[in-house]
Amino acid sequence: METTVLPPDPEPGGKTLFPSAEFVPNRDCFRSRFYPGISQALWNDWKWQMANRITTPEKIGQILSLAPEERDALEGSVRLPMAITPYYAGLIDPDDPGQGIRRSVIPTIMEVEKSAGEEADPLHEDLSSPVPGIVHRYPDRVLFLTTGMCASYCRYCTRSRMVTDGHCPIGERVWNGAIDYIAAHPEIRDVLVSGGDPLTLSDEKLQWLLTRLRRIRHVEILRIGTKVPAVLPQRITPRLVSILKRFHPLYLSIHFIHPDELTPDCAQACARLADGGIPLGSQTVLLKGINDDVPVMKELMHRLLQARVRPYYLYQCDPIPGSAHFRTSVARGLEIIGGLRGYTSGYAVPTYVIDAPGGGGKVPLMADSIVEHGNGSIRIRNYEGKVFTYPEPVQEG
Ligand SMILES: *Cc1c(COP(=O)(O)O)cnc(C)c1O
(Lines give C-alpha, C1' and ligand atoms only; values in the text may rest on other atoms or scores of the structure.)
Protein backbone atom coordinates (compact mmCIF):
# COMPACT_ATOMS: atom_id res chain seq x y z
CA MET A 1 0.00 0.00 0.00
CA GLU A 2 1.15 3.47 -0.84
CA THR A 3 1.93 5.69 2.09
CA THR A 4 1.14 9.36 1.92
CA VAL A 5 3.60 11.74 3.54
CA LEU A 6 1.83 14.81 4.81
CA PRO A 7 3.59 18.14 4.46
CA PRO A 8 4.77 19.70 7.74
CA ASP A 9 2.29 21.90 9.58
CA PRO A 10 2.50 25.47 8.32
CA GLU A 11 3.26 28.32 10.68
CA PRO A 12 -0.14 29.77 11.57
CA GLY A 13 -0.89 33.16 10.10
CA GLY A 14 2.69 33.89 9.08
CA LYS A 15 1.76 36.08 6.13
CA THR A 16 -0.06 38.83 7.93
CA LEU A 17 2.59 41.32 9.00
CA PHE A 18 1.33 44.72 7.88
CA PRO A 19 1.92 44.38 4.13
CA SER A 20 0.29 47.71 3.34
CA ALA A 21 0.45 49.83 6.50
CA GLU A 22 2.73 52.84 6.47
CA PHE A 23 3.61 52.37 10.11
CA VAL A 24 5.23 49.01 10.82
CA PRO A 25 5.67 48.43 14.56
CA ASN A 26 8.74 46.62 15.76
CA ARG A 27 7.73 44.76 18.87
CA ASP A 28 11.17 43.88 20.19
CA CYS A 29 12.34 47.41 19.64
CA PHE A 30 9.24 48.81 21.39
CA ARG A 31 9.74 46.49 24.38
CA SER A 32 13.44 47.23 24.87
CA ARG A 33 12.91 50.97 24.47
CA PHE A 34 9.89 51.49 26.74
CA TYR A 35 10.08 48.39 28.95
CA PRO A 36 13.81 47.86 29.45
CA GLY A 37 14.52 44.87 31.66
CA ILE A 38 11.24 43.18 30.80
CA SER A 39 12.04 39.80 29.29
CA GLN A 40 10.24 38.33 26.31
CA ALA A 41 8.74 35.74 28.69
CA LEU A 42 7.34 38.39 31.04
CA TRP A 43 6.05 40.44 28.11
CA ASN A 44 4.20 37.35 26.89
CA ASP A 45 2.64 36.75 30.33
CA TRP A 46 -0.94 38.03 30.06
CA LYS A 47 -1.11 38.80 33.77
CA TRP A 48 1.91 41.06 33.42
CA GLN A 49 0.22 42.77 30.47
CA MET A 50 -2.97 43.30 32.54
CA ALA A 51 -1.09 44.52 35.61
CA ASN A 52 0.89 46.98 33.48
CA ARG A 53 -1.93 48.47 31.47
CA ILE A 54 -1.25 52.06 30.57
CA THR A 55 -3.66 54.31 32.46
CA THR A 56 -1.80 57.57 33.06
CA PRO A 57 -0.94 60.55 30.85
CA GLU A 58 2.66 60.31 32.14
CA LYS A 59 3.17 56.79 30.83
CA ILE A 60 1.43 57.25 27.50
CA GLY A 61 3.25 60.57 27.11
CA GLN A 62 6.59 58.69 27.23
CA ILE A 63 5.49 56.42 24.39
CA LEU A 64 3.95 58.93 22.02
CA SER A 65 3.78 62.67 21.55
CA LEU A 66 0.31 63.64 22.69
CA ALA A 67 -1.70 65.89 20.41
CA PRO A 68 -3.46 68.85 22.14
CA GLU A 69 -6.90 67.20 21.92
CA GLU A 70 -5.45 64.06 23.55
CA ARG A 71 -3.56 65.94 26.25
CA ASP A 72 -6.68 67.94 27.20
CA ALA A 73 -8.65 64.70 27.66
CA LEU A 74 -6.01 63.09 29.89
CA GLU A 75 -4.86 66.00 32.02
CA GLY A 76 -6.45 68.77 34.06
CA SER A 77 -10.00 68.53 35.29
CA VAL A 78 -11.38 66.18 32.62
CA ARG A 79 -9.16 63.09 33.03
CA LEU A 80 -11.09 60.54 30.99
CA PRO A 81 -10.36 56.97 32.08
CA MET A 82 -8.00 55.09 29.78
CA ALA A 83 -6.51 51.60 29.76
CA ILE A 84 -4.28 50.09 27.09
CA THR A 85 -2.21 46.91 27.25
CA PRO A 86 1.51 47.47 26.59
CA TYR A 87 1.15 45.03 23.68
CA TYR A 88 -1.59 47.11 22.02
CA ALA A 89 0.29 50.34 22.77
CA GLY A 90 3.09 48.87 20.67
CA LEU A 91 0.77 48.94 17.65
CA ILE A 92 0.14 52.67 18.01
CA ASP A 93 1.80 55.05 15.58
CA PRO A 94 3.56 57.51 17.97
CA ASP A 95 3.55 60.29 15.38
CA ASP A 96 0.06 60.08 13.90
CA PRO A 97 -2.93 61.04 16.10
CA GLY A 98 -5.19 60.04 13.19
CA GLN A 99 -4.09 56.39 13.10
CA GLY A 100 -7.06 54.04 13.56
CA ILE A 101 -5.72 51.99 16.46
CA ARG A 102 -4.55 55.12 18.25
CA ARG A 103 -7.91 56.87 17.94
CA SER A 104 -9.71 53.78 19.22
CA VAL A 105 -7.92 53.81 22.60
CA ILE A 106 -6.46 57.28 23.27
CA PRO A 107 -9.15 59.66 24.58
CA THR A 108 -9.69 63.04 23.01
CA ILE A 109 -11.52 66.08 24.32
CA MET A 110 -14.22 65.49 21.67
CA GLU A 111 -15.58 62.81 24.01
CA VAL A 112 -16.96 65.40 26.43
CA GLU A 113 -19.20 66.90 23.73
CA LYS A 114 -22.62 65.36 23.96
CA SER A 115 -24.61 65.57 20.72
CA ALA A 116 -28.34 65.30 20.04
CA GLY A 117 -29.79 61.85 20.62
CA GLU A 118 -26.78 60.51 22.50
CA GLU A 119 -27.29 58.72 25.81
CA ALA A 120 -25.33 56.58 28.26
CA ASP A 121 -27.43 53.47 27.68
CA PRO A 122 -28.71 53.95 24.11
CA LEU A 123 -29.87 50.33 23.73
CA HIS A 124 -31.82 50.54 27.01
CA GLU A 125 -30.08 47.42 28.23
CA ASP A 126 -30.75 48.36 31.82
CA LEU A 127 -34.49 48.31 31.08
CA SER A 128 -34.32 44.85 29.43
CA SER A 129 -32.55 43.44 32.45
CA PRO A 130 -34.75 41.09 34.52
CA VAL A 131 -31.92 40.48 37.02
CA PRO A 132 -28.54 42.25 37.35
CA GLY A 133 -26.06 40.98 34.75
CA ILE A 134 -28.67 39.64 32.30
CA VAL A 135 -30.12 41.40 29.25
CA HIS A 136 -33.02 39.34 27.91
CA ARG A 137 -34.15 40.99 24.69
CA TYR A 138 -34.71 38.14 22.26
CA PRO A 139 -36.98 35.14 22.85
CA ASP A 140 -34.40 32.32 23.02
CA ARG A 141 -31.10 33.88 24.08
CA VAL A 142 -29.59 36.20 26.67
CA LEU A 143 -26.63 38.49 27.06
CA PHE A 144 -24.76 37.79 30.30
CA LEU A 145 -22.57 40.70 31.49
CA THR A 146 -20.02 38.79 33.54
CA THR A 147 -17.49 41.49 34.40
CA GLY A 148 -16.84 45.21 33.98
CA MET A 149 -13.16 44.61 33.29
CA CYS A 150 -11.59 45.01 29.86
CA ALA A 151 -7.98 44.63 28.73
CA SER A 152 -8.16 47.93 26.83
CA TYR A 153 -10.91 50.54 26.84
CA CYS A 154 -12.41 51.33 23.44
CA ARG A 155 -13.34 55.00 23.25
CA TYR A 156 -16.64 54.29 21.46
CA CYS A 157 -17.72 51.43 23.77
CA THR A 158 -21.46 50.97 24.00
CA ARG A 159 -21.04 49.94 27.65
CA SER A 160 -18.57 52.63 28.68
CA ARG A 161 -21.14 53.56 31.35
CA MET A 162 -20.02 50.37 33.12
CA VAL A 163 -16.34 51.35 33.24
CA THR A 164 -16.76 55.08 33.76
CA ASP A 165 -18.84 54.41 36.87
CA GLY A 166 -15.47 53.79 38.46
CA HIS A 167 -16.63 50.57 40.06
CA CYS A 168 -17.62 47.20 38.76
CA PRO A 169 -20.99 46.18 40.19
CA ILE A 170 -20.58 42.55 39.10
CA GLY A 171 -19.61 40.03 41.75
CA GLU A 172 -20.48 36.54 42.91
CA ARG A 173 -24.01 37.53 43.91
CA VAL A 174 -24.71 38.84 40.40
CA TRP A 175 -23.31 35.67 38.83
CA ASN A 176 -25.44 33.41 40.98
CA GLY A 177 -28.57 35.44 40.31
CA ALA A 178 -27.92 35.43 36.56
CA ILE A 179 -27.28 31.68 36.47
CA ASP A 180 -30.45 31.05 38.49
CA TYR A 181 -32.41 33.18 36.02
CA ILE A 182 -31.08 31.20 33.03
CA ALA A 183 -31.78 27.90 34.80
CA ALA A 184 -35.35 29.00 35.54
CA HIS A 185 -36.06 29.96 31.90
CA PRO A 186 -36.15 26.87 29.67
CA GLU A 187 -36.65 29.00 26.56
CA ILE A 188 -33.02 30.19 26.83
CA ARG A 189 -31.00 27.95 24.50
CA ASP A 190 -28.11 30.37 23.78
CA VAL A 191 -26.08 32.32 26.35
CA LEU A 192 -23.82 35.12 25.15
CA VAL A 193 -21.15 35.56 27.82
CA SER A 194 -19.89 39.13 27.53
CA GLY A 195 -19.05 42.15 29.69
CA GLY A 196 -16.60 43.85 29.94
CA ASP A 197 -14.42 41.13 28.57
CA PRO A 198 -14.90 37.62 30.01
CA LEU A 199 -11.44 36.54 28.86
CA THR A 200 -9.94 38.92 31.44
CA LEU A 201 -11.28 36.51 34.10
CA SER A 202 -8.87 33.94 35.51
CA ASP A 203 -8.88 30.40 34.11
CA GLU A 204 -10.43 29.21 37.38
CA LYS A 205 -13.30 31.71 37.37
CA LEU A 206 -14.04 31.15 33.70
CA GLN A 207 -14.06 27.40 34.22
CA TRP A 208 -16.40 27.75 37.20
CA LEU A 209 -18.78 29.94 35.21
CA LEU A 210 -18.84 27.78 32.09
CA THR A 211 -19.31 24.64 34.20
CA ARG A 212 -22.34 26.18 35.88
CA LEU A 213 -23.83 27.24 32.54
CA ARG A 214 -23.16 23.86 30.92
CA ARG A 215 -25.02 22.10 33.74
CA ILE A 216 -28.25 23.78 32.61
CA ARG A 217 -29.88 21.22 30.32
CA HIS A 218 -31.73 23.65 28.04
CA VAL A 219 -28.65 25.75 27.24
CA GLU A 220 -27.63 24.41 23.83
CA ILE A 221 -24.82 26.76 22.88
CA LEU A 222 -22.47 29.12 24.67
CA ARG A 223 -20.87 32.16 23.11
CA ILE A 224 -18.14 34.42 24.40
CA GLY A 225 -17.83 38.04 23.22
CA THR A 226 -14.27 39.35 23.54
CA LYS A 227 -11.63 41.72 22.19
CA VAL A 228 -8.81 39.86 23.92
CA PRO A 229 -7.29 38.17 20.81
CA ALA A 230 -6.80 41.70 19.37
CA VAL A 231 -5.59 43.58 22.46
CA LEU A 232 -4.11 40.82 24.62
CA PRO A 233 -3.32 37.77 22.43
CA GLN A 234 -0.99 36.49 25.20
CA ARG A 235 -4.15 35.51 27.10
CA ILE A 236 -4.93 32.77 24.54
CA THR A 237 -2.68 30.18 26.16
CA PRO A 238 -2.81 26.45 25.36
CA ARG A 239 -4.25 26.00 28.87
CA LEU A 240 -7.09 28.46 28.23
CA VAL A 241 -7.95 26.71 24.96
CA SER A 242 -7.90 23.32 26.68
CA ILE A 243 -10.42 24.69 29.21
CA LEU A 244 -12.68 26.32 26.63
CA LYS A 245 -12.87 23.25 24.41
CA ARG A 246 -14.43 21.24 27.23
CA PHE A 247 -17.59 23.33 26.93
CA HIS A 248 -18.48 22.76 23.28
CA PRO A 249 -20.48 23.81 21.41
CA LEU A 250 -18.79 27.09 22.32
CA TYR A 251 -18.48 29.98 19.87
CA LEU A 252 -16.33 33.09 20.10
CA SER A 253 -17.16 36.54 18.70
CA ILE A 254 -14.06 38.70 18.49
CA HIS A 255 -14.12 42.48 18.23
CA PHE A 256 -11.81 43.81 15.49
CA ILE A 257 -11.75 47.28 13.95
CA HIS A 258 -8.69 47.55 11.74
CA PRO A 259 -6.35 45.33 9.70
CA ASP A 260 -3.38 46.59 11.79
CA GLU A 261 -4.73 44.43 14.63
CA LEU A 262 -4.02 41.20 12.73
CA THR A 263 -0.43 40.83 13.91
CA PRO A 264 1.40 37.47 14.02
CA ASP A 265 0.60 37.27 17.78
CA CYS A 266 -3.06 37.81 17.08
CA ALA A 267 -3.05 35.33 14.19
CA GLN A 268 -1.43 32.76 16.45
CA ALA A 269 -4.08 33.32 19.14
CA CYS A 270 -6.84 32.85 16.54
CA ALA A 271 -5.12 29.72 15.21
CA ARG A 272 -5.01 28.19 18.68
CA LEU A 273 -8.70 28.89 19.22
CA ALA A 274 -9.66 27.56 15.77
CA ASP A 275 -7.51 24.45 16.34
CA GLY A 276 -9.47 23.98 19.58
CA GLY A 277 -12.56 23.60 17.39
CA ILE A 278 -14.01 26.94 18.47
CA PRO A 279 -15.91 28.61 15.60
CA LEU A 280 -14.68 32.21 15.43
CA GLY A 281 -16.78 35.18 14.30
CA SER A 282 -15.93 38.87 14.18
CA GLN A 283 -17.77 41.98 15.27
CA THR A 284 -16.66 45.32 13.87
CA VAL A 285 -17.88 48.78 14.75
CA LEU A 286 -18.03 51.12 11.77
CA LEU A 287 -15.83 54.09 12.75
CA LYS A 288 -15.37 57.38 10.93
CA GLY A 289 -11.86 57.84 9.59
CA ILE A 290 -10.80 54.47 11.01
CA ASN A 291 -12.50 51.84 8.87
CA ASP A 292 -15.29 53.60 6.94
CA ASP A 293 -13.55 52.97 3.69
CA VAL A 294 -14.00 50.05 1.28
CA PRO A 295 -10.30 49.08 0.85
CA VAL A 296 -9.62 49.18 4.62
CA MET A 297 -12.76 47.20 5.43
CA LYS A 298 -12.07 44.70 2.67
CA GLU A 299 -8.52 44.18 3.88
CA LEU A 300 -9.76 43.67 7.45
CA MET A 301 -12.32 41.09 6.31
CA HIS A 302 -9.75 39.27 4.15
CA ARG A 303 -7.23 39.11 6.97
CA LEU A 304 -9.91 37.83 9.34
CA LEU A 305 -10.73 35.00 6.94
CA GLN A 306 -7.03 34.17 6.68
CA ALA A 307 -7.01 33.93 10.49
CA ARG A 308 -10.07 31.63 10.25
CA VAL A 309 -12.40 34.27 11.70
CA ARG A 310 -15.72 34.53 9.84
CA PRO A 311 -17.00 38.14 9.66
CA TYR A 312 -20.31 38.24 11.55
CA TYR A 313 -21.58 41.75 12.27
CA LEU A 314 -20.66 45.25 11.16
CA TYR A 315 -22.27 47.67 13.63
CA GLN A 316 -23.36 51.20 13.06
CA CYS A 317 -21.66 52.94 16.04
CA ASP A 318 -24.01 53.29 19.01
CA PRO A 319 -24.87 56.89 19.99
CA ILE A 320 -23.18 57.01 23.40
CA PRO A 321 -22.35 60.49 24.81
CA GLY A 322 -19.37 62.00 22.97
CA SER A 323 -19.43 59.57 20.06
CA ALA A 324 -20.21 62.02 17.22
CA HIS A 325 -16.60 62.11 16.01
CA PHE A 326 -16.66 58.31 15.66
CA ARG A 327 -20.00 58.00 13.93
CA THR A 328 -20.31 57.89 10.18
CA SER A 329 -23.41 58.07 8.01
CA VAL A 330 -25.58 55.05 7.30
CA ALA A 331 -25.18 55.90 3.57
CA ARG A 332 -21.46 55.31 4.01
CA GLY A 333 -22.09 52.00 5.75
CA LEU A 334 -24.33 50.88 2.89
CA GLU A 335 -21.66 51.95 0.42
CA ILE A 336 -19.10 49.81 2.25
CA ILE A 337 -21.32 46.74 2.31
CA GLY A 338 -22.13 47.39 -1.37
CA GLY A 339 -18.39 47.49 -2.06
CA LEU A 340 -17.94 44.04 -0.55
CA ARG A 341 -21.01 42.08 -1.66
CA GLY A 342 -20.31 40.38 -4.98
CA TYR A 343 -16.83 41.88 -5.26
CA THR A 344 -15.35 39.43 -2.78
CA SER A 345 -16.12 36.10 -1.08
CA GLY A 346 -19.55 35.97 0.53
CA TYR A 347 -17.73 34.74 3.64
CA ALA A 348 -15.99 38.14 3.81
CA VAL A 349 -19.27 40.07 4.01
CA PRO A 350 -20.62 40.72 7.53
CA THR A 351 -24.23 41.66 8.23
CA TYR A 352 -24.47 45.43 8.63
CA VAL A 353 -26.77 46.28 11.55
CA ILE A 354 -28.02 49.14 13.64
CA ASP A 355 -28.68 48.08 17.21
CA ALA A 356 -31.93 50.03 17.47
CA PRO A 357 -31.78 52.80 20.09
CA GLY A 358 -34.42 52.24 22.73
CA GLY A 359 -33.95 48.47 22.77
CA GLY A 360 -35.29 47.26 19.41
CA GLY A 361 -32.45 44.83 18.85
CA LYS A 362 -30.23 44.48 15.81
CA VAL A 363 -31.80 45.53 12.53
CA PRO A 364 -29.97 44.49 9.32
CA LEU A 365 -29.43 47.09 6.59
CA MET A 366 -28.83 46.53 2.88
CA ALA A 367 -29.27 48.67 -0.21
CA ASP A 368 -32.56 47.81 -1.92
CA SER A 369 -32.19 44.65 -3.98
CA ILE A 370 -35.91 44.31 -4.72
CA VAL A 371 -36.84 46.53 -7.67
CA GLU A 372 -40.41 45.30 -8.09
CA HIS A 373 -42.40 42.45 -6.63
CA GLY A 374 -45.77 41.10 -7.77
CA ASN A 375 -47.69 39.61 -10.71
CA GLY A 376 -45.89 36.29 -10.56
CA SER A 377 -42.35 37.61 -10.65
CA ILE A 378 -39.78 39.56 -8.73
CA ARG A 379 -37.35 42.00 -10.27
CA ILE A 380 -34.03 42.09 -8.45
CA ARG A 381 -30.87 44.17 -8.68
CA ASN A 382 -27.43 42.52 -8.54
CA TYR A 383 -24.19 43.90 -7.08
CA GLU A 384 -23.37 45.70 -10.34
CA GLY A 385 -26.78 47.39 -10.45
CA LYS A 386 -28.11 45.19 -13.27
CA VAL A 387 -31.73 44.10 -13.02
CA PHE A 388 -32.94 40.50 -13.40
CA THR A 389 -36.32 38.78 -13.20
CA TYR A 390 -37.11 35.64 -11.25
CA PRO A 391 -40.40 33.87 -12.14
CA GLU A 392 -42.28 32.92 -9.00
CA PRO A 393 -44.26 29.68 -8.83
CA VAL A 394 -47.90 30.05 -9.74
CA GLN A 395 -50.01 30.13 -6.55
CA GLU A 396 -52.75 27.50 -6.25
CA GLY A 397 -56.36 28.61 -5.74
C1 LIG B 1 -26.50 41.12 20.06
C2 LIG B 1 -27.32 40.60 21.16
C3 LIG B 1 -27.65 39.24 21.23
C4 LIG B 1 -27.20 38.24 20.20
O5 LIG B 1 -27.77 38.51 18.95
P6 LIG B 1 -27.46 37.56 17.71
O7 LIG B 1 -28.10 38.27 16.54
O8 LIG B 1 -28.09 36.24 18.00
O9 LIG B 1 -25.99 37.45 17.58
C10 LIG B 1 -28.44 38.82 22.28
N11 LIG B 1 -28.88 39.68 23.22
C12 LIG B 1 -28.59 41.00 23.16
C13 LIG B 1 -29.13 41.90 24.21
C14 LIG B 1 -27.80 41.49 22.14
O15 LIG B 1 -27.48 42.80 22.11
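Up top is the structure these notes are about.
Bear in mind that the values here come from a model prediction, so they are computed numbers and not experimental data.

Near the ligand the following residues occur: V135, Y138, R141, L143, L192, R223, Y312, Y313, D355 and K362. In this structure, R141 approaches the ligand through a side-chain N or O atom, which is 2.7 Å from an oxygen atom. With respect to the ligand, the side chain of R223 contributes an N or O atom lying 2.8 Å from an oxygen atom. Protein chains bury 91% of the 380 Å² of accessible surface belonging to the ligand in isolation.

Relative to the helices and strands, S253 resides in strand β5 (residues 250–255). Ignoring any residue separated from it by four or fewer positions in sequence, one finds S253 in contact with I224, G225, T226, G281, Q283 and Y312.

Moving on: the sheet that holds strand β11 (residues 377–381). What holds strands together in a sheet is hydrogen bonding between their backbones, with the strands either parallel or antiparallel. The strand order across the open sheet formed by 3 strands is β10-β11-β12, and the pairing between neighbours is antiparallel. Two strands close off the open sheet at either side, each with one partner strand: β10 (370–374) and β12 (387–391). Averaged over all pairs of adjacent strands, the angle between their axes in this sheet comes to 15°, without regard to strand direction. In this sheet, β12 lies alongside β11 in antiparallel orientation, the contact comprising 5 bridges. Pairing of R379 across the sheet is with T389, part of β12.

Thresholds, definitions, all that
- Residues numbered from 1 in each chain as written.
- Predicted model: local features only at pLDDT ≥ 70, side-chain atom pairs only at ≥ 80, totals over all residues.
- Heavy atoms only, no water.
- Near = heavy atom within 4 Å.
- Polar contact = N/O pair within 3.5 Å; in protein donor to acceptor, adjacent residues only side chain to side chain.
- Areas by Shrake-Rupley, 256 points an atom, 1.4 Å probe, with all protein chains shown as cover.
- Helix = DSSP H or I, 4+ residues; strand = E, 2+ residues; numbered from the N terminus.
- Contact = heavy atoms within 4.5 Å.
- Pairing = 2+ DSSP bridges.
- Axes fitted to C-alpha atoms, helices over the stretch in contact; angles between N-to-C directions.

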